[in-house]
Amino acid sequence: MNSDVQIAGDPLAIPHLLPPVPAHPSTVSAFAGLARAIAADRDGWAPLIQYDATSRWYHRLRTGPGYEVWLLSWVPGQGSGAHDHGRSSGVLTVLQGELTERVGTRGARHALHAGAQRVFAPGYVHDVVNDALEPAVSLHIYFPGLTEMPLHPTQSAELAAGAGADALGALGG
C-alpha cells in the first residue's frame, strides 16, 4: 500500500501549499507572547543587565522584521518622565523588581510587579518610575521600531493618557 507521501509527495517540497510565515507577530497577543517567551529565557537576558546610577541603562536585545526588543534597568528613583512612543505601539513587561506607571486624568498609578505587562498604542502617554527600594528590569517591544519618544509635561500626560487609558492596559500580572 502506498503512503500519502508517496502519493502526494513531500508537502515541505511544495511551498505554495504551506501557509505563509508571518514577517512578525501580527497581533497584540502575539507581541505579548513574544515578550513572555523572552522573559522566560532568563539565561539569555540576565547576564546582559547593567545598572547605572546616573541614567536608565538600556540595551537593544534583538530586532525582528518591523520590531525591536529593548532591555532596561532602573535603579531606585529613576523614571522615564511623561512620554509617548511616536508612531510605535508596544508591550512593556517587568522582568524583575517593581515599577510604577502613571496614566490617566487623575494620575492613576499602576504598580507593575515582575511578570506584569502593559500594552500601548501610538499616542499613549505615560510615566514609568522605580519607586521601590530595589533595582528593576523591564523588557520593551516596539512595533514599528522606536524612532521617537517625545516628552510631555506631567499635566499634559495625565490629560492625554486619560482618553486611551481605558482602552489599553494590563494583560496580566
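- The name recorded for the protein in an unreviewed UniProt entry is Cysteine dioxygenase, from Streptomyces antioxidans.
- Listed in UniProt under the heading Sequence similarities (unreviewed entry), the comment for the protein reads: "Belongs to the cysteine dioxygenase family."

**Some details on the pattern of salt bridges**
- Applying the stated criterion across every chain yields a total of five salt bridges.
- Among the salt bridges present, the one from Glu 68 reaches Arg 60, with a minimum N-O distance of 2.9 Å.
- We classify Glu 68 as buried; its relative accessible area is 11%.
- In this structure, Asp 131 and Arg 109 form a salt bridge, with 3.0 Å as the shortest nitrogen-oxygen distance.

**Some remarks on the pairing of strand 3 (residues 89–96)**
- Within strand 3, six of the eight residues are buried, leaving the element largely enclosed by the surrounding structure.
- Relative to strand 6 (residues 117–120), strand 3 runs antiparallel, the two sharing four bridges. When the sheet's bridge partners are listed, Val 91 is paired in strand 6 with Val 119.

Here is what the cut-offs are and how they apply
Residues numbered from 1 in each chain as written. Predicted model: local features only at pLDDT ≥ 70, side-chain atom pairs only at ≥ 80, totals over all residues. Heavy atoms only, no water. UniProt positions renumbered as here; feature names shortened; annotations may be inferred. Salt bridge = Lys/Arg side-chain N within 4 Å of Asp/Glu carboxyl O. Buried < 20%, exposed > 50% of the residue type's maximum accessible area, 1.4 Å probe, protein only. Helix = DSSP H or I, 4+ residues; strand = E, 2+ residues; numbered from the N terminus. Pairing = 2+ DSSP bridges.

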